[in-house]
Amino acid sequence: MAPSVTERGLKSVVWQKIKTTVFDDCKKEGEWKIMLLDEFTTKLLASCCKMTDLLDEGITVVENIYKNREPVRQMKALYFISPTSKSIDCFLRDFASKSENKYKAAYIYFTDFCPDLLFNKIKTSCSKSVRRCKEINISFIPLESQVYTLNVPDAFYYCYSPVPGNDNGKDSIMEAMAEQIVTVCATLDENPGVRYKSKPLDNASKLAQLVEKKLEDYYKTDEKSLIKGKTHSQKKSESFMHLSICRYKTDGKEKEAILEEDDDLWVRIRHRHIAVVLEEIPKLMKEISSTKKATEGKISLSALTQLMKKMPHFRKQITKQVVHLNLAEDCMNKFKLNIEKLCKTEQDLALGTDAEGQKVKDAMRVLLPVLLNKNHDNCDKIRAILLYIFSINGTTEENLDRLIQNVKIENESDMIRNWSYLGVPIVPQSQQGKPLRKDRSAEETFQLSRWTPFIKDIMEDAIDNRLDSKEWPYCSQCPAVWNGSGAVSARQKPRTNYLELDRKNGSKLIIFVIGGITYSEMRCAYEISQAYKSCDVIIGSTHILTPKKLLDDIKMLNKPKDKVSFIKDE
């Protein structure tokens, strides 16, 4: 079965809820079922369980609802799907008529609220074949123990694009995001007060108001079964897992490594600085070797028996550590090629000071070596130009044109200009001062990792109750003041014990970022949770950003919708 909550955080919470609300609801001793999933629920289940977990719950085969399938009329089917027209139409085709039904009966579980129009299609077409029809309110992907994603990368375009005619698309995506965020709160068994960033745009305000309203509606209404009935085999198995596969080179050969939450070492090092990883893994290997030698030193029969039992465990541990060491070394080799100097420039421009703490007097002089270096690709140079513009709080049209022409990035110039749609000063230079940052000069950091994401300041101020109420207003009229000992909420609801995270009596800070989060921002959630023992920080967004992905998203903002393509998180 899936590990306990304390081992896997949000992933375990999600699996526990799915197990209780779906599998326990329709489980019958000795009965096997076929399970049908759509694209979203495949990702959802793959993120929090394995095929062996499903076998334990009486699932013999997992099928894609969109694909043509052979009928298995002697078996019942469990449909775990999103309440969309596409998924429901596929379900209805499976039960077109009594003589053509693909399965003996159906148990339907929707990830979220099913609109009346779609529900009535089921009710009028094949209600006699449906034994259960429920909404379980899990419409997000638990990416890590403290990270979730809504898997809606198109939200960035709709929320920030100035293209006329996108208003309807923006309204519907805001509604959908609000409903998904409410399922995050419901899964965590929290009914929190809602705060939002008031400026420079109104996206956060609109979304916050929607979330507030939907939270009130959700906690007013108990979860209901829409169609009630009785709950009946053959054993097959089909893998549905989508694993994170990383390709790397070692000894001149290309290899693959599977990175998943069950790998304790990966969970331990995934957000650590590469220098720390390269020090830590060899130490762990030495520890295992010394433990093994100490065991071998005992020559009693029982000691030898224990050693034989541990041999596969030792081998498995060493193999994993060698893989992660090779991954880190491959990253380091790429870093040394041309990234090291680029990182120094980026850090100096982002912070306005060099590694010695001296103020950068001429940002253009810092930028030029990157622009002149032929080893850096256009995306690296564009990122450096953006940091230069951010550092001087905007620039002139003449200066920007000169930079674009000299670097020959005319076709990618929208990656720079379109930042203005996010409220960032590009042209002309802004007269308003830049936001003040916390002084972290006394904190121990690596020279090439001195920048701290802005969101870390926000997390700390939120927990310490220092956020400016004008800049971060509440949606609720009379919010309770958070003193770090419990959730900020004017609404209360009885808790259920099995949905609590590691700190059973602590509070949770649930953060949502419109338009994507980076891996460094994800790392902040873990760092703050470690620093503030009484609070768990759960961070999420529409999708996960990489440097290239962010620039691609920005470039598309002024394009018509039919010219834009959206790639969902893997």
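Quick note: structure is the one above.
Since we're looking at a predicted model, the values are computed, not measured.

Definitions and limits used
- Residues numbered from 1 in each chain as written.
- Predicted model: local features only at pLDDT ≥ 70, side-chain atom pairs only at ≥ 80, totals over all residues.
- Heavy atoms only, no water.
- Helix = DSSP H or I, 4+ residues; strand = E, 2+ residues; numbered from the N terminus.
- Buried < 20%, exposed > 50% of the residue type's maximum accessible area, 1.4 Å probe, protein only.
- Disulfide = S-S within 2.5 Å.
- Axes fitted to C-alpha atoms, helices over the stretch in contact; angles between N-to-C directions.
- Parallel < 35°, antiparallel > 145°, perpendicular 65-115°, else oblique.
- Left-handed = near helix turned anticlockwise from the far one by under 90°.
- Contact = heavy atoms within 4.5 Å.
- Nonpolar A, V, L, I, M, F, W, Y, C, P; charged D, E, K, R; others polar.

Engineer: For the overall build of the protein, give the residues involved together with the corresponding values.
Structural biologist: When helices and strands are tallied, the protein shows 18 helices and twelve strands. Within the span of the protein, comprising 570 residues, buried residues form 48% of the whole.

Engineer: Help me get a handle on unusual backbone geometry, residues and values and all.
Structural biologist: Look at the link from Lys199 to Pro200: it is a cis peptide, with omega at 5°. Checked against the element boundaries, Pro200 lands in the loop between α7 (167-187) and α8 (203-220). The omega torsion of the bond from Val427 to Pro428 falls at -5°, within 30 degrees of zero and hence cis. Looking at the secondary structure, you find Pro428 in the loop between α15 (414-417) and α16 (454-463). Although it is not a glycine, Asp189 sits at a positive phi angle of roughly 60°. By the secondary structure assignment, Asp189 is in the loop between α7 and α8. In this model, Asn393 sits at a positive phi of 65°, which is unusual for a non-glycine residue. Take Asn393: it is sitting in the loop between α13 (378-391) and α14 (397-407).

Engineer: So, the state of the cysteines: which residues are in play, and what are the values?
Structural biologist: The tally for this structure, following the rule as stated, stands at zero disulfides. No disulfide involves Cys126; its nearest neighbouring cysteine sulfur is the one of Cys133, lying 9.4 Å away.

Engineer: How would you sum up the packing of α16 against helix α17 (residues 519-531)? Please name residues and give values.
Structural biologist: The contact between α16 and α17 brings their axes to 9 Å, and the two run at 30°. One finds that α16 runs roughly parallel with respect to α17. Note that α16 runs across α17; the crossing there is right-handed. Where α16 abuts α17, its residues Ile455, Lys456, Met459, Glu460 and Ile463 lie against Glu521, Cys524, Ala525, Glu527 and Ile528. Here the residues of the contact of α16 with α17 are counted per class, giving six nonpolar, no polar and four charged.

That's the geometry; what it means functionally is another story.
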